[in-house]
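Coordinate analysis (summary)
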Amino acid sequence: MRKNRGVKSKAAMSAGIAMLALATSGTAQAQDTTITPSDIAAAHARAVASVRSMQPAERTVMTHGIMAMQLSPDSPPPPPEAVPGAGYVAGLPRLGLPALTESDASLGVAWIGGLRHDGATALPSGLAQAASWNPDVLYAGGRMIGGEARAKGFNVLLSGGVNLTRDPRNGRTFEYLAEDPLLAGTLVGAAIRGVQSNHIISTIKHFALNGQETGRKFVDIRIGEAAARESDLLAFQIGIEKGQPLSVMCAYNIVNGAHACDNDWLLNTVLKKDWGWKGFVMSDWGAVPSLDTAIHGLDQQSGVQLDPKVFFGAELAEKAKADKVWSARLDDMNTRVITAIYAAGLDKHPVSPGGKIDMAADAAVAEDAAKQGIVLLKNEGAILPLAAHAQRIAVIGGLANLGMLSGGGSSQVAGEGGPLAKVSVGVDSPFAAFFSQAYNGSAPLAAIRKLAPQATVTFRGGDNLADAVNQAKKADVAIVFATKWASEGLDQADLTLPDGQDALIAAVAAANPHTIVVLETGNPVAMPWLGNVPAVLEAWYPGARGGEAIASVLMGQTNPSGRLPITFPASVSQLPRPVLDGYADLEPDFMGNPPTPNAKLSANYDVEGSDVGYRWYARTGAKPLFPFGYGLSYTSFAEDGLKVDGLKASFTLHNTGTREGADVAQLYLVSRNGAAKQRLVGFARVNLAPGASQSVDLSIDPRLLADWTPSGWRIAGGDYSFALGTDAQHLGPAVSTRLTGKSWKD
Ligand code: GLC
């Protein structure tokens, strides 16, 4: 009989506490999840009783929902109590169960083409937040967007995107967090805690192995169990342990031959049996192929207008009436949905539209996240921060006079009044409004002018190359903003900056040796001009106050502290799959539908297995353009004194420079019994005054040292070596510890 421990393992708990304390560097932060496994157990007991009192007609009310929007003039409008948004699931007032009003998503309350005519505060992209390596940033962001969702009448936020960024060309990389399971899982757990602290439900998604957008509804991901458990599934497992999400959204793609939402292994064996998870699995929108998905672990059919039919309504009720197994499964489906409602407190804390939102305070949360996530990639001759004496500054390109680029798709957020500018990408579908190149937030040009009142700051769009070059020639410093749009539903052909921006940067750099490049990209990009510019910032999609954040770093009010959560390849030839499966063969289809009913597409993730990202570079020896964990500062740091004893590690960080800054120490496993194996096993973001030092203690989650075997995790006895790194490629001296072999199940 399994002890009901929920999904909180002791090792994860201590590792989480150690890291959260260190990441907060002294600021008090709730050390455990807002909703605890025991809250969920209590809610489960209540839910069992509620299900027992259900009447037959009520049994399939909460097992399916609609898109809360009218998809075409002749389709029925959603019920009046549905808030225009991603989803609506009717409630059961007789049992005191509220309807579920669902909005996207991880970066804020989605704009959805302005259906509600109300904007929201856009967080920086997932990668930007993750580049802070700071769970507090993710918690604060989740808490903020969850608060806005509640104020707009939503009690479910479809957030918690945590798919590992296996392929840097994936169109949704901007939404996700990292290529490493510990970093991604820790950060998404904090974000989910923040969202759910508003008494609303957060999802964690897209379960699982949704690693590309090309053919997303029919690509079959082939991967061995050990590789999955040690990488993508471990990110979800850590995120669920730390965040306690009350819903999991299963993905569109196929995993080893079975749709993720119809995958008995993923949903029943891994998630519900092995991990003991008590919430409910909702489908992605249009991801339900049959009624049998209920038996394979799906609990709720979302957005039924996008499926061939409503499976989880009358058809399910009939099955349950005729068959005891189905009836018991239907009880379990309802129990899981109602457990989530009770555990989040949706019944006791009902939502309603029209709540008050402090937009200034929320914008400040977005700005802080952007500042902590900007990565200084190059700073030759300390050209940055821009000295106050820079009298003539030429700002060029990137619509820097207007605002910040944002990623396309269901996660897209716009401010009050909608996008500042929008370029349609010609999607021919009811969802065209979701897929556009939209600019939001704040203009870096205005923010730079505000911080450099003494300077003459000119702007040129960059489309007239000669004019831009002429401006650069006349300036002390040229700042070129380069953008690359990314979107759900569409992977990137390559790593190249579009629209001739590489030529623009090269021409400006040739005209002015003091040229700084600011990148607003959703993904890693190639930089053919890198040798010709002294400074590069990766600002990602920096959200509602991105202009202020970028200016603050450029002018020096903020010391950049971001570290890459994803490797920047030197070329796609370094990747496990240089050609992205299906990209060249398929017409772009934002919904990822197969071109013909029996179209086939597969991607072999066993090439790299669990060696995703930096682990792959460690295995192949290839040198990336910029490694995982890389980032510069306006001060300098040293790390020493590493000791590892069993699963305990300690070391000291020093600020050896002249100004305050945050260091992000990274502890890597580097070998096991003499065999090279690189894995991030701990990290700590610590703010340090100039000259200050701080000792750090970390607990190592044993799963990060282990192999997955058919009987669970296995650590082989022997010598394990570790090293501190300023990034995955620059490691200090290794130290070893001897571990005794052990096997266990979570
Ligand atoms: C989308 C996305 C998912 C989103 C859902 C509702 O297609 O895959 O992330 O939450 O539909 O909009």
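The preceding data block contains the structure.
Residues numbered from 1 in each chain as written. Predicted model: local features only at pLDDT ≥ 70, side-chain atom pairs only at ≥ 80, totals over all residues. Heavy atoms only, no water.

Some words on the side chain of threonine 293
Spelled out, the test is: Helix numbering and strand numbering both begin at the N terminus, where a helix is a DSSP run of H or I of at least 4 residues and a strand a DSSP run of E of at least 2. Pairs of residues are marked as contacts when any of their non-hydrogen atoms sit within 4.5 Å.
For threonine 293, the location among the structural elements is in the loop between strand S10 (280-283) and helix H9 (314-322). Threonine 293 has contacts with Cys261, Asp262, Val288, Leu298 and Phe312, leaving out every residue within four places of it along the chain.

Looking at the sheet that holds strand S21 (residues 637-645)
Defined as follows: Should DSSP find at least two bridges between two strands, the strands are regarded as paired. Lines are fitted to the C-alpha atoms to define the axes, a helix being fitted only along its stretch in contact, and any angle between axes, read from their N-to-C directions, falls within 0 to 180 degrees.
Taken in spatial order, the three strands make up an open sheet running S21-S22-S25, and their pairing is antiparallel. The sheet is open, and its two borders are formed by S21 and strand S25 (693-699), each paired with just one other strand. Going from strand to strand, the sheet's axes swing by 20 degrees on average, the running direction of each strand aside. In terms of strand pairing, S21 meets strand S22 (residues 648-655) through seven bridges, oriented antiparallel. In the strand pairing of S22, phenylalanine 637 is matched with asparagine 655.

Observations concerning the packing of helix H2 (residues 37-52) against helix H10 (residues 324-344)
Geometrically, a packed helix pair is captured by the angle between its two axes and the distance between the axes. Rules: Put simply, angles under 35 degrees are roughly parallel, angles over 145 are roughly antiparallel, angles from 65 to 115 are roughly perpendicular, and the rest are oblique. In this scheme the handedness of a crossing depends on how the near helix is turned from the far one: anticlockwise by less than a right angle means left-handed, clockwise means right-handed. Under this grouping Gly is polar, as are all residues other than the nonpolar Ala, Val, Leu, Ile, Met, Phe, Trp, Tyr, Cys and Pro and the charged Asp, Glu, Lys and Arg.
One can describe the packing of H2 onto H10 by two numbers: an axis separation of 8 Å at closest approach and a directional angle of 130 degrees. It follows that H2 is oblique to H10 by the angle criterion. Relative to H10, the crossing made by H2 is right-handed. Taken together, the residues of H10 that come into contact with H2 (itself represented by Ile40, Ala43, His44, Arg46, Ala47, Val48, Ser50 and Val51) are Asp331, Asn334, Thr335, Ile338, Thr339, Tyr342 and Ala343. Among the residues making up the contact of H2 with H10, the classes are represented as eight nonpolar, five polar and two charged.

Remarks on the sheet that holds strand S31 (residues 742-744)
The three strands lie next to each other as S26-S27-S31, forming an open sheet whose pairing is antiparallel. The sheet is open, and its two edges are formed by strand S26 (707-709) and S31, each paired on a single side. Going across the sheet, the axis of each strand differs from the next one's by a mean of 30 degrees, ignoring polarity. Pairing geometry for strand S27 (residues 712-715) and S31, over three bridges, is antiparallel. By the bridge assignment, isoleucine 715 is partnered in S31 with lysine 742.

Examining the packing of aromatic side chains
Here is the rule: When the centres of two rings from Phe, Tyr and Trp lie within 6.5 Å, Trp using its six-membered ring, the rings pair. Their planes under 30 degrees apart give stacked, over 60 give edge-to-face, and anything left gives tilted. Partly exposed residues are those whose accessible area sits between 20% and 50% of the maximum for their type, while under 20% is buried and over 50% is exposed, using a 1.4 Å probe and protein chains only. Counted as over-ring charges are cases with an Arg CZ or a Lys NZ within 6 Å of the ring centre that also lie within 35 degrees of the ring normal.
As enumerated under the stated definition, the model contains 10 aromatic pairs in all. The interplanar angle of 20 degrees and the centroid separation of 4.6 Å between the aromatic rings of tyrosine 614 and phenylalanine 628 together place this pair among those described as stacked. Here tyrosine 614, found in helix H16 (residues 614-620), pairs with phenylalanine 628, found in the loop between H16 and S21; they are 14 residues apart in sequence, far enough to count as distant. By the burial criterion, tyrosine 614 is buried, and phenylalanine 628 matches it. Members of the aromatic cluster, joined through ring pairs, are Trp133, Tyr614, Phe628, Tyr668 and Phe683. A cation sits over an aromatic face here: lysine 742 above tryptophan 744, 4.8 Å from the ring centre.

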